[in-house]
Amino acid sequence: MNKADFKERIRLLVKQVYSNTKEAEAAAVEYDEFAKFPELKKVIVDLLTHEFDNFISSIDWVAPKPTTFRINLRNDENFYLIWMQRSWIAQVEGKKYYLLNLPEEERAIDAIARILRYGAPETAESADGGSSDSGGEEVDVDIDDTTDIDI
C-alpha cells in the first residue's frame, strides 16, 4: 500500500463515520428527550450504535430525581437509563449496570441484545393457530333425553 492508497482509504473511512453521525442526528430529531437531555443521546448511541432508531419505539421520562428514562423497544420490551451525578446506570430486566465501568457497560450491551432477541410478542391470533374466530355460525346438537338413569 502506497501513500496515495492510504490517503484514499482514510478519506473513505472519514466519510463513512461522518455519514453515521448524520444518520444518528436525523433519527434523534424524532425524540424530544434528546433536546432536553443531550447526554442521553450519547449513552443510547454507546449502547445501541448509531442505528438506535431501528430498535427504539419511544423514550419516556418517568422520574425527575433521579432522572430516569424508560427506553421502549420495538418488540414491546424496555429498559431504564438512570442519571446519577457521576454516571449513567442501565437497568435491564431488574439488574443494574453502572456505565462508568467498561466491563459493566459491555454486560449492559449484552443484556440489551438479549432482550432484543426476544422478538415480537405473540398475538392472540397467532397463538390460536391463526383462527381467532369465535364461530359465527350456530351448531345444532341433538340430545337424547330418553335414557333412564336409576339412582
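Quick note: structure is the one above.
Residues numbered from 1 in each chain as written. Predicted model: local features only at pLDDT ≥ 70, side-chain atom pairs only at ≥ 80, totals over all residues. Heavy atoms only, no water.

Engineer: Explain the pairing of strand β2 (residues 67-73) residue by residue, including any values.
Structural biologist: Of all seven residues making up β2, six are buried, and the element is well covered by its neighbours. Direction of pairing for strand β1 (residues 56-63) relative to β2: antiparallel, over a ladder of six bridges. Directly across from Asp 60, in β2, lies its bridge partner Arg 70. Linking β1 back to β2 in an antiparallel pair, the connection comprises three residues. Sheet topology note: the β2/strand β3 (residues 78-83) ladder contains six bridges and is antiparallel. Residue pairing for β3: Arg 70 is matched across the bridge by Tyr 80. The turn linking β2 back onto β3 is made up of four residues, and Asp 76 within it adopts a positive phi angle of 65°. (Buried < 20%, exposed > 50% of the residue type's maximum accessible area, 1.4 Å probe, protein only. Helix = DSSP H or I, 4+ residues; strand = E, 2+ residues; numbered from the N terminus. Pairing = 2+ DSSP bridges.)

Engineer: Before we move on, could you go through the packing of aromatic side chains and cite the residues and values that matter?
Structural biologist: The tally for this structure, following the rule as stated, stands at six aromatic pairs. Between Phe 34 and Phe 52, the aromatic rings sit 5.8 Å apart at their centres with planes inclined by 85°, giving edge-to-face as the arrangement. One end of the pair, Phe 34, is in helix α2 (residues 33-36); the other, Phe 52, is in the loop between α3 (38-48) and β1, with 18 residues separating them in the sequence. In terms of burial, Phe 34 and Phe 52 fall into one category: buried. Seen from their ring centres, Phe 37 and Phe 69 are 5.0 Å apart, and the 70° between their planes marks the pair as edge-to-face. Taken together, the positions of Phe 37 in the loop between α2 and α3 and Phe 69 in strand β2 put the pair 32 residues apart, joining distant regions of the chain. Assigned by exposure class, Phe 37 and Phe 69 land together as buried. Here the aromatic cluster, defined as three or more aromatic residues joined through ring pairs, consists of Phe 37, Trp 61, Phe 69, Trp 83 and Trp 88. Note that Lys 95 overlies the ring of Tyr 97, its terminal NZ or CZ placed 5.5 Å from the centroid. (Phe/Tyr/Trp six-rings, centres within 6.5 Å; stacked < 30°, edge-to-face > 60°. Lys NZ or Arg CZ within 6 Å of the ring centre and 35° of its normal.)

Engineer: Describe the side chain of Thr 68, with residues and values.
Structural biologist: Among the secondary structure elements, Thr 68 is positioned in strand β2. In this view, Thr 68 contacts Asp 60, Trp 61, Val 62, Ala 63, Tyr 80, Leu 81 and Ile 82; residues no more than four positions away in its chain are not counted. (Contact = heavy atoms within 4.5 Å.)

Engineer: Can you break down the sheet that holds strand β5 (residues 95-98) residue by residue, with the values?
Structural biologist: Within the open sheet, the five strands sit side by side as β1-β2-β3-β4-β5. Their pairing is antiparallel. One side of each edge strand has no neighbouring strand; the edge strands of this open sheet are β1 and β5. Averaged over neighbouring strand pairs, the angle between their axes works out to 25° when direction is ignored. Of the strand pairs in this sheet, strand β4 (residues 88-92) and β5 are connected by four bridges, and their pairing is antiparallel. From the neighbouring strand, Ala 90 faces β5, where its bridge partner is Tyr 97. Sheet contacts for α3: β1, β2, β3 and β4; angle to β3, the most-contacted strand, approximately 135°. Along the sheet, helix α4 (residues 102-116) contacts β2, β3, β4 and β5; its crossing angle with β5, the most-contacted strand, is approximately 140°. (Axes fitted to C-alpha atoms, helices over the stretch in contact; angles between N-to-C directions.)

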